[in-house]
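Per-entry structural report
This is what each chain is made of:
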Amino acid sequence: MLDANQIATALTCVLDASLSAVDPSGAALRRAHFNLREGLRLAEEMNAANNDAASIIREVVASISESEQL
């Protein structure tokens with residue numbers, strides 16, 4: 001069974017590859033990153049971000065953040 005970090009890494013790779021194919025400039029990935037962060041923020045405000053799915057989304061957001069700084 002994969003852990004949250006492995007799932008997040010796989011999702012980040014798929015998201016990056018698919019959005020890069022559609023928009024090589026990186027704008028689509030930046031929009032997705034923003035929307036993921038906003039969705040997570042709203043879920044946290046509603047106290048609905050304390051589950052495995054939210055944990056995976058946090059890992060994906062962190063991974064995208066790291067890749068944008070490279």
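Note that the coordinates shown come from a computational prediction; the quantities given were computed from them, not determined experimentally.

Basis of the calculations
- Residues numbered from 1 in each chain as written.
- Predicted model: local features only at pLDDT ≥ 70, side-chain atom pairs only at ≥ 80, totals over all residues.
- Heavy atoms only, no water.
- Salt bridge = Lys/Arg side-chain N within 4 Å of Asp/Glu carboxyl O.
- Helix = DSSP H or I, 4+ residues; strand = E, 2+ residues; numbered from the N terminus.
- Buried < 20%, exposed > 50% of the residue type's maximum accessible area, 1.4 Å probe, protein only.
- Axes fitted to C-alpha atoms, helices over the stretch in contact; angles between N-to-C directions.
- Left-handed = near helix turned anticlockwise from the far one by under 90°.
- Contact = heavy atoms within 4.5 Å.
- Nonpolar A, V, L, I, M, F, W, Y, C, P; charged D, E, K, R; others polar.
- Lys, Arg positive; Asp, Glu negative; His and termini not counted.
- Polar contact = N/O pair within 3.5 Å; in protein donor to acceptor, adjacent residues only side chain to side chain.

This part is about the pattern of salt bridges. Scanning the model with the defined rule gives three salt bridges in all. A salt bridge links Glu38 to Arg41; the nearest nitrogen and oxygen atoms lie 2.8 Å apart. With Glu38 and Arg41 both in helix H2 (residues 27–45) and three residues apart, this pair spans about one turn of that helix. The exposure class of Glu38 is partly exposed, given its relative accessible area of 27%. Classification of Arg41 as partly exposed rests on a relative accessible area of 35%. Put simply, Arg58 and Glu44 hold a salt bridge, and the shortest N to O gap is 3.3 Å. Separated by 14 residues along the polypeptide, Arg58 in helix H3 (residues 52–68) and Glu44 in helix H2 bring together distant segments of the chain.

Following both chains from N to C, one finds H2 and H3 inclined at 145°, their axes separated by 10 Å at the closest point. Once H2 is placed against H3, the crossing between them reads as left-handed. Where H2 approaches H3, its residues Leu29, Arg30, His33, Leu36, Arg37, Leu40 and Glu44 are matched on the opposing element by Ala54, Ile57, Arg58, Val60, Val61, Ile64, Ser65 and Glu68. Split by residue class, the contact of H2 with H3 holds eight nonpolar, two polar and five charged.

Positionally, Asp23 belongs in the loop between helix H1 (4–22) and H2. Buried charge Asp23 goes without a salt bridge, the closest partner of opposite sign being Arg31 at 4.3 Å. Polar contacts involving the side chain of Asp23 include one to the side chain of Ser25, which spans 2.7 Å. For Asp23, the residues in contact, after removing those within four places along its chain, are Ala28 and Arg31.

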